[in-house]
Amino acid sequence: MKLLFAEDDRDISRAVVTLLERSNYAVDPVFNGLDALDYAKHGDYDGIILDIMMPKMNGIQVLEQLRRDGIKTPVMMLTAKGEMDDRVLGLDSGADDYLTKPFAGRELIARVRALLRRSGEYISDCLTFGDIQLDRGTYCLSCNEKSVHLSSKAFQMMEMFILSPRKIISMNQFMEHIWGWDSEAEINVVWVNISFLRKKMAEIGSRCEIRATRGVGYSLEDCL
């Protein structure tokens, strides 16, 4: 799952991004409202967290513009303690939830999970395809009695595969969803992680395989 986090306080941003990444989310941090609007309109996000008080554009303005543009990505607003008017305005402007600062890390994670459930059908913490299971809480990929721990990026790629089984996913889709559309990472990081996943699947004895379609992309197949 990929999130956009807009917060102009860089210390808070670093702390929250670290917390979210440790909970298996990919996060793009931005530090002003204009960047938040740009990223939200052009990126592929499952959820957006917007601080209200930001330079260039505040969070309410960003949210209103996104909803006018037809972007329905679920949004959580961050508000200052006691600012009831901000919370009401945020909800009236199209926010799905709000969280008051300061907040506990555990509450933020719980609220993010609830936010993402609103974006569509509930997704279990244990994803299954063929004879493999992917535990979204532990990063573990399992088959029968064997399991291996995946790195963060490999986990996110396998999550994409299992959520879209047998569907071909392009290199650009992987790059945009996991590394970010403006990332400086080279595209060969996709090949490196594909190779890593194939080795791990062989290690646990899975019959599934990641199949390459030349010039198009990769798909996860159940080779019965």
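How each quantity is defined
- Residues numbered from 1 in each chain as written.
- Predicted model: local features only at pLDDT ≥ 70, side-chain atom pairs only at ≥ 80, totals over all residues.
- Heavy atoms only, no water.
- UniProt positions renumbered as here; feature names shortened; annotations may be inferred.
- Helix = DSSP H or I, 4+ residues; strand = E, 2+ residues; numbered from the N terminus.
- Buried < 20%, exposed > 50% of the residue type's maximum accessible area, 1.4 Å probe, protein only.
- Polar contact = N/O pair within 3.5 Å; in protein donor to acceptor, adjacent residues only side chain to side chain.
- Pairing = 2+ DSSP bridges.
- Axes fitted to C-alpha atoms, helices over the stretch in contact; angles between N-to-C directions.
- Contact = heavy atoms within 4.5 Å.
- Salt bridge = Lys/Arg side-chain N within 4 Å of Asp/Glu carboxyl O.
- Domains from an automatic or database assignment.
- Buried area = accessible area lost by both parts, 1.4 Å probe.
- Parallel < 35°, antiparallel > 145°, perpendicular 65-115°, else oblique.
- Nonpolar A, V, L, I, M, F, W, Y, C, P; charged D, E, K, R; others polar.

The chain appears in an unreviewed UniProt entry as Stage 0 sporulation protein A homolog from Anaeromicropila populeti. Per its UniProt entry, the chain bears the Function (unreviewed entry) comment "May play the central regulatory role in sporulation. It may be an element of the effector pathway responsible for the activation of sporulation genes in response to nutritional stress. Spo0A may act in concert with spo0H (a sigma factor) to control the expression of some genes that are critical to the sporulation process."

Moving on, we get to the side chain of Asp-222. With respect to the helices, strands and loops of the structure, Asp-222 is situated in strand 11 (residues 217-222). Residue class for Asp-222 comes out buried when judged on its relative accessible area of 18%. Among the polar contacts made by the side chain of Asp-222, one reaches the side chain of Arg-207 at a distance of 2.6 Å.

All right, on to the sheet that holds strand 2 (residues 26-30) then. Strand order in the open sheet formed by 5 strands is 2-1-3-4-5, with parallel pairing between adjacent strands. Every other strand in the sheet has two partners, leaving strand 2 and strand 5 (97-100) as the edge strands with one partner each. Going from strand to strand, the sheet's axes swing by 20° on average, the running direction of each strand aside. Examined bridge by bridge, strand 3 (residues 47-51) and strand 4 (residues 75-79) share 4 bridges and lie parallel to one another. Looking across to strand 4, one finds that Asp-51 is bridged to Leu-78.

Within the open sheet, the 4 strands sit side by side as 6-7-8-9. Their pairing is antiparallel. Either end of the sheet is taken by a strand with one partner, and the two such strands are strand 6 (126-129) and strand 9 (146-149). Ignoring strand direction, the axes of neighbouring strands in this sheet form an average angle of 20°. Docked against the sheet, helix 6 (residues 152-163) engages strand 6, strand 7 (132-135) and strand 8 (140-143), running at close to 125° with respect to strand 7.

Moving on, we get to the pattern of salt bridges. Summed over all chains, the structure comprises 12 salt bridges. Of the charged contacts, one joins Lys-2 and Asp-28 as a salt bridge, the two residues approaching to 3.7 Å between their closest N and O atoms. Highlighted residues: Lys-2 in strand 1 (residues 2-6) and Asp-28 in strand 2, separated in sequence by 26 residues. Per residue, the accessibility class of Lys-2 equals that of Asp-28, and both read buried. A salt bridge links Asp-96 to Arg-67; its shortest N-O distance comes to 3.2 Å.

This part covers the domain arrangement of the chain. Domain boundaries assigned for the chain yield domain 1 (2-116) and domain 2 (126-222). Domain 1 and domain 2 are separated by 28 Å when their C-alpha centres are compared. With 12 residues of domain 1 in contact, the opposing surface of domain 2 contributes 12 residues. Contact between domain 1 and domain 2 buries roughly 960 Å² in total, counting both sides, with carbon and sulfur atoms accounting for 40%. By the criterion of area lost to domain 2, the three top residues of domain 1 are Lys-2, Asn-24 and Tyr-39, representing 52% of everything that side buries. For the interface between domain 1 and domain 2, the tally reads 0 salt bridges. The interface formed by domain 1 and domain 2 includes 5 residue pairs in polar contact (both at pLDDT 80 or more). Mapped onto the side of domain 1 that touches domain 2, the elements with two or more residues apiece are strand 2 and helix 2 (33-42).

Turning our attention to the pairing of strand 6. Covered by surrounding structure in strand 6 are Leu-127 and Phe-129 only, the residues Cys-126 and Thr-128 on the alternate face being uncovered. Following strand 6, the chain reverses through 2 residues before pairing antiparallel with strand 7; Gly-130 in that reversal takes a positive phi of roughly 60°.

What follows is about the packing of helix 6 against helix 8 (residues 188-203). Where helix 6 meets helix 8, the axes come as close as 10 Å, and the angle between the chain directions of the two elements is 75°. It follows from the interaxial angle that helix 6 and helix 8 lie roughly perpendicular. Between helix 6 and helix 8, the contacting residues are Lys-153, Ala-154, Met-157, Met-158 and Phe-161 on the first element and Val-190, Asn-193, Ile-194, Phe-196, Leu-197 and Met-201 on the second. For the contact of helix 6 with helix 8, the per-class residue count stands at 9 nonpolar, 1 polar and 1 charged.

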